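The chain contents come next:
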Amino acid sequence: MSDQDDQLYAMRHSLAHIMATAVQRLWPEVKFGVGPVVQDGFYYDIDLGEAKISEEDFDKIEAGMRQVIESDVPFERFEQPIDEAIAWARDSGQPYKEELLNDLKRDGTTVAKDLDATELGTIAEGQAHVENVSFYKNGDFVDLCRGPHVESTGKVGAFKLMRVAGAYWRGNEQNPQMQRLYGLAFATPKELRQHLDMLEEAKKRDHRRLGQELDLFVFSEMVGSGLPLFTPRGTVIRDALLGFSEELQRNNGFEKVFTPHITKQALYERSGHWAKFGDELFLVKSQETSDQFVLKPMNCPHHIQIYASRPRSYRELPVRYMESTVQYRDEKKGELNGLSRVRAISIDDAHVFCALEQIEAEFTNIMNMIKDMYSVFDMKFRARLSFRDDSEGYLGDPAVWEQAQQTIEDVAKKLGLNYTVVPGEAAFYGPKIDIMVTDALGREWQCATEQLDFVQPERFGLTYIDTDGKEKRPVMIHKALLGSVERFLAVYIEHTAGRFPIWLAPEQVRLITVNQEEATTGFAAEIAAQAKELGLRLTVDNSNESVGKKIRAAELLKVPYTAVIGEKEISSREVVPRIRKDVVVQDEPRAIGIEEFLKTVANEAKTRVTKTSL
RNA sequence: GCCACCUUAGCUCAGCUGGCUAGAGCGCCGCUUUCGUAAAGCGGAGGUCUGGAGUUCGAAUCUCCAAGGUGGCUCCA
């Protein structure tokens, strides 16, 4: 961390205390939880019992905060023996602080199991035996806190309270729910302004909004939440994305398979998913048999059945099956969100069955596809190597894990990936590489993934006959390049602000007729027929509107190429294409023969270029 | 599921502290116009104000319940 980061951290943290001070003055009975620094700001968890804070109270609280800031009182640090601190918490009616202190005393840490490090969690860093704990005092407000803080309440930058949200004490559903007050904080008003502008831009690019404006997908209350319906325009993009993924995979040794969308529950009992994720499966009832069916939430057990359908030789390995299909998961209602989280999920899924010593080649193969794919999307990514830690609950031989993790890291190194190792993030069945993609607004999303699985081959008793004639156990690799197509689309719509590259644009060329005379519309129809033969998505707008208005309509739909068709074009058989500004290289529009124009665009679509040569 | 907020025409929104047949722009339909690179003109249709109950002489407006949505929390094979 740089000094500047330290300063920003201290400032944000101090603002959390200042907000708490203001809240306590307004609601003296408030009970405090934790108030850490988060990305772009801070929050504080509070419990007001029956009373609730709403966003309407923000003016009041902000005014209170400004008062504290203007008073410019120092943040004073002092220490207390832990037992005295516990007594303080009890006496001042702060049961949450008391609980934290008791944990601190007992465990030397406040980090509850399954809980990320919090502000207080780091208090005890490197001190297993806690004797003293530190407090910070600003004016009449005292808080248990590791710090650091700025010197005085006047030394904070620009802030703005953003929202109030519910949050369970220590992130556990069984615990009481507190209110979390979020604030943004930056060193200067200018940076705050910039951040608010970014949020504004993000709102404009929101895929739910653009999905409607660009006519890509809809929801229907009668169909159900989390079940998007794709319009013709949206379906063009879906198909193009999946087609791209399949093309990459086919070129890299994957074979397409197909499996039905329902299966007997027994399959998932065997795979172990029923025990772990049973409540997320949609149940399907047969009226003919007594079998219990489920909608498939994933494909691995199905692909396993294909692999297991006959004995396999080492000569066949690796076996690579791909299937881009819809999977169904009954997500909780509060989790659904536009296309980012749906209940019918299309995944460009694939499974590799291979020998242990083939892992390196297979991981490399898949990672190369990921690199190819995201360079076409013009998106940067980094790899998160999710490895095991020392805790229990990982299945399989630790020595094999160790070796596999080493192999995976070697692959990442060899390919020159920007990667980080994250211990403790592995799935229980194996280590994995998650790809974090950065969008145009600098936000990170998990898209592609590549996961090793030692467990399912075991559970299903998969084998192959090795060179020595003996049965061996293969390992499995799960992979997705796009991940969920719906979520990828959400990310990509926001990344491009709906300005899709030529190969993905639902409508690649739009012809605008100057008038509705036979000669004009006939000529446009002639061009449309040629375009169709070239596989182009071209439409003709010969509605009875002004040329200006029709151009505007095409602009709003973000069509990459527009051409006006009138007398001039009919006689010269040339057009002056209007090119969307993110695609264009030279800004002097120039005339081009219609045939050449169409062929060029068709070629650009085929080669998936992001800039035009026109 | 929990907390906060939101829900008025296909879309975006107005409708002040409760008061005549609920408005606008865009879109849609019709007519006029036959037009040259981001909005031609005129006319029309379209709303049981998300649903239900209540308070009131009177409810889009206030209260309660429900549904859907948004932002979080939680979870994520």
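Please read all numbers here as calculations on a predicted model, not as lab measurements.

A.B. asks: Help me understand the protein's contact with RNA strand B in this model?
C.D. replies: Taken together, 47 residues surround RNA strand B, and among them Gln177, Glu280, Met298, Asn544 and Arg552 come closest. What you see for RNA strand B is that sugar and phosphate hold 51% of its atoms within 4 Å of the protein. Here a base oxygen of RNA strand B and a side-chain polar atom of Asn544 are 2.2 Å apart. Only strand 7 (158-168), strand 8 (177-186), helix 6 (207-213), helix 16 (547-556) and helix 17 (567-572) provide two or more residues apiece to the surface near RNA strand B. Taken together, the residues of the surface near RNA strand B sort by class into 13 nonpolar, 15 polar and 19 charged.

A.B. asks: I tried to follow the sheet that holds strand 13 (residues 283-285) on my own but got confused; where do I start?
C.D. replies: Strands sit in the order 12-14-13 across an open sheet of three strands; the sheet is antiparallel. If you trace the sheet from one side to the other, it starts and ends with strand 12 (262-264) and strand 13, each paired once. The mean angle between the axes of side-by-side strands here comes to 40°, regardless of whether they run parallel or antiparallel. In this sheet, strand 14 (residues 292-295) lies alongside strand 12 in antiparallel orientation, the contact comprising three bridges. Its bridge partner lying in strand 14, Thr263 is registered against Val294.

A.B. asks: What's the story with the environment of Leu317 in this structure? I'm lost.
C.D. replies: By secondary structure assignment, the location of Leu317 is in the loop between helix 10 (300-307) and strand 15 (319-328). Residue Leu317 is classed as buried on the basis of its relative accessible area, which comes to 8%. Sequence separation between Leu317 and Gly166 is 151 residues, and the spatial gap between their C-alpha atoms is 51 Å.

A.B. asks: How should helix 12 (residues 398-414) be read in this particular structure?
C.D. replies: One turn of the α-helix equals 3.6 residues, which is why residues spaced by three or four share an orientation. The terminal C-alpha atoms of helix 12 lie 24 Å apart, and with 17 residues this matches the ideal 24 Å at 1.5 Å per residue to within 8%. Of all the residues in helix 12, the buried ones are Trp401, Ala404, Gln405, Thr407, Ile408, Glu409, Val411 and Ala412. The elements touched by buried residues of helix 12 are helix 11 (359-376), strand 17 (380-387), strand 18 (419-423), strand 19 (432-438) and strand 20 (444-453). Among the residues of helix 12, the N-terminal cap falls to Asp397, whose side-chain oxygen and the backbone nitrogen of Ala399 are separated by 2.9 Å. After helix 12 finishes, the residue Gly416 shows a positive phi value of roughly 65°.

A.B. asks: Please explain the environment of Asn172 as it appears in this structure.
C.D. replies: Relative to the assigned elements, Asn172 resides in the loop between strand 7 and strand 8. Judged by its relative accessible area of 33%, Asn172 falls in the partly exposed class. The spatial distance from the C-alpha of Asn172 to the C-alpha of Thr610 is 46 Å, given a sequence separation of 438 residues.

A.B. asks: Quick question: what am I supposed to make of the environment of Ala602 here?
C.D. replies: Along the chain, Ala602 turns up in helix 18 (residues 594-607). Overall, Ala602 belongs to the buried group, its relative accessible area being 15%. Expressed as a C-alpha distance, the spacing of Ala602 and Gly535, which sit 67 residues apart in the sequence, is 7.1 Å. Apart from the residues within four sequence positions on either side, Ala602 is in contact with Leu534 and Leu536.

A.B. asks: What is the right way to look at the nonpolar core in this model?
C.D. replies: Grouped burial of nonpolar side chains is what soluble globular proteins tend to show. In this structure, Leu241, Tyr374 and Phe377 are the most contacted members of the largest nonpolar core, which totals 61 residues. With nine residues, helix 11 is the largest single contributor of residues to this core. Residues within four places of Phe377 in sequence aside, it is in contact with Leu241, Phe244, Leu482, Phe488, Tyr492, His495, Trp503 and Leu504. Counting 32 residues, the second largest nonpolar core, distinct from the first, contains Val23, Val30, Phe32 and Ile53.

A.B. asks: I keep staring at the packing of helix 7 (residues 232-251) against helix 11 and nothing clicks. Help me out?
C.D. replies: When two helices pack together, their arrangement is given by the angle between the helix axes and the distance between those axes. For the pair helix 7 and helix 11, interaxial distance at closest approach is 10 Å and the crossing angle is 145°. Where helix 7 crosses over helix 11, the two elements pack in a sense that is right-handed. In contact with Phe244, Ser245, Leu248 and Gln249 of helix 7, helix 11 contributes Met369, Asp372, Met373 and Val376. Grouping the constituent residues of the contact of helix 7 with helix 11 by class yields five nonpolar, two polar and one charged.

A.B. asks: I keep staring at the packing of aromatic side chains and nothing clicks. Help me out?
C.D. replies: Given two aromatic rings, one states the distance between the centres and the angle between the planes to describe the pair. Scanning all chains against the criterion turns up 24 aromatic pairs. Ring centres of Tyr374 and Phe381 lie 6.1 Å apart, and the angle between their planes is 65°; on these two criteria the pair is classed as edge-to-face. Judged by relative accessible area, which is 0%, Tyr374 ranks as buried. Exposure remark for Phe381: the relative accessible area of 18% places this residue in the buried category. Among the aromatic residues, those joined into a cluster by ring pairs are Phe244, Tyr374, Phe377, Phe381, Phe488, Tyr492, Phe500 and Trp503.

A.B. asks: Quick question: what am I supposed to make of the pairing of strand 16 (residues 344-354) here?
C.D. replies: Across a regular strand the side chains alternate sides, sitting on one face of the sheet and then on the other. Along strand 16, eleven of the eleven residues are buried, which leaves the element largely enclosed by surrounding structure. Because side chains alternate across strand 16, one face comprises the buried residues Ala344, Ser346, Asp348, Ala350, Val352 and Cys354, and the other comprises Ile345, Ile347, Asp349, His351 and Phe353, equally buried. Relative to strand 16, strand 15 is paired through ten bridges, and the arrangement is antiparallel. Its bridge partner being in strand 16, Tyr328 is matched across the sheet by Ala344. Where strand 16 meets strand 23 (residues 475-484), seven bridges bridge the pair, whose relative direction is antiparallel. Residue Asp349 lies in a different strand from strand 23, and its bridge partner there is Ala480.

A.B. asks: Help me out: how do you make sense of the sheet that holds strand 6 (residues 141-144) in this one?
C.D. replies: Remark on secondary structure: sheet strands pair via backbone hydrogen bonds, oriented parallel or antiparallel. Pairing is antiparallel in the open sheet, where three strands are placed in the order 4-5-6. The strands lining the two open edges of the sheet, one partner per strand, are strand 4 (75-81) and strand 6. Ignoring which end each strand starts from, the neighbouring axes of this sheet average 30° apart. In the sheet, strand 4 pairs with strand 5 (residues 132-138) via seven bridges, with the strands oriented antiparallel. Pairing of Arg77 across the sheet is with Tyr136, part of strand 5. Contacts from helix 3 (residues 82-91) reach strand 4, strand 5 and strand 6 within the one sheet, and its direction differs from that of strand 4 by about 110°.

A.B. asks: Got a minute to help me understand the side chain of Thr496 in this structure?
C.D. replies: Relative to the elements of secondary structure, Thr496 occurs in helix 14 (residues 485-496). Among the polar contacts listed, one links the side chain of Thr496 to the backbone oxygen of Tyr492, at a separation of 2.8 Å.

A.B. asks: Explain unusual backbone geometry here, please?
C.D. replies: Note: most residues except glycine have negative phi, and most peptide bonds are trans. Looking along the chain, the bond that leaves Leu317 and enters Pro318 is cis, with omega of -5°. The residue Pro318 is located in the loop between helix 10 and strand 15 in this model. In this model, Asp215 sits at a positive phi of 60°, which is unusual for a non-glycine residue. With respect to the helices and strands, Asp215 occurs in the loop between helix 6 and strand 9 (217-218). Positive phi, close to 60°, is recorded for Lys558, a residue that is not glycine.

A.B. asks: What is the right way to look at the confidence of the model for chain A in this model?
C.D. replies: Low pLDDT marks stretches whose predicted atomic positions should not be read closely. Looking at chain A as a whole, the pLDDT averages 87, with 95% of positions reaching at least 70. In the model output, the complex is listed with pTM 0.85 alongside ipTM 0.87.

Cut-offs and rules
- Residues numbered from 1 in each chain as written.
- Chains lettered and ligands numbered in written order.
- Predicted model: local features only at pLDDT ≥ 70, side-chain atom pairs only at ≥ 80, totals over all residues.
- Heavy atoms only, no water.
- Near = heavy atom within 4 Å.
- Polar contact = N/O pair within 3.5 Å; in protein donor to acceptor, adjacent residues only side chain to side chain.
- Helix = DSSP H or I, 4+ residues; strand = E, 2+ residues; numbered from the N terminus.
- Nonpolar A, V, L, I, M, F, W, Y, C, P; charged D, E, K, R; others polar.
- Pairing = 2+ DSSP bridges.
- Axes fitted to C-alpha atoms, helices over the stretch in contact; angles between N-to-C directions.
- Buried < 20%, exposed > 50% of the residue type's maximum accessible area, 1.4 Å probe, protein only.
- Expected span 1.5 Å × (residues − 1).
- Contact = heavy atoms within 4.5 Å.
- Core = buried A, V, L, I, M, F, W, Y, C linked by side-chain atoms within 4.5 Å.
- Left-handed = near helix turned anticlockwise from the far one by under 90°.
- Phe/Tyr/Trp six-rings, centres within 6.5 Å; stacked < 30°, edge-to-face > 60°.
- pLDDT = per-residue confidence, 0-100.

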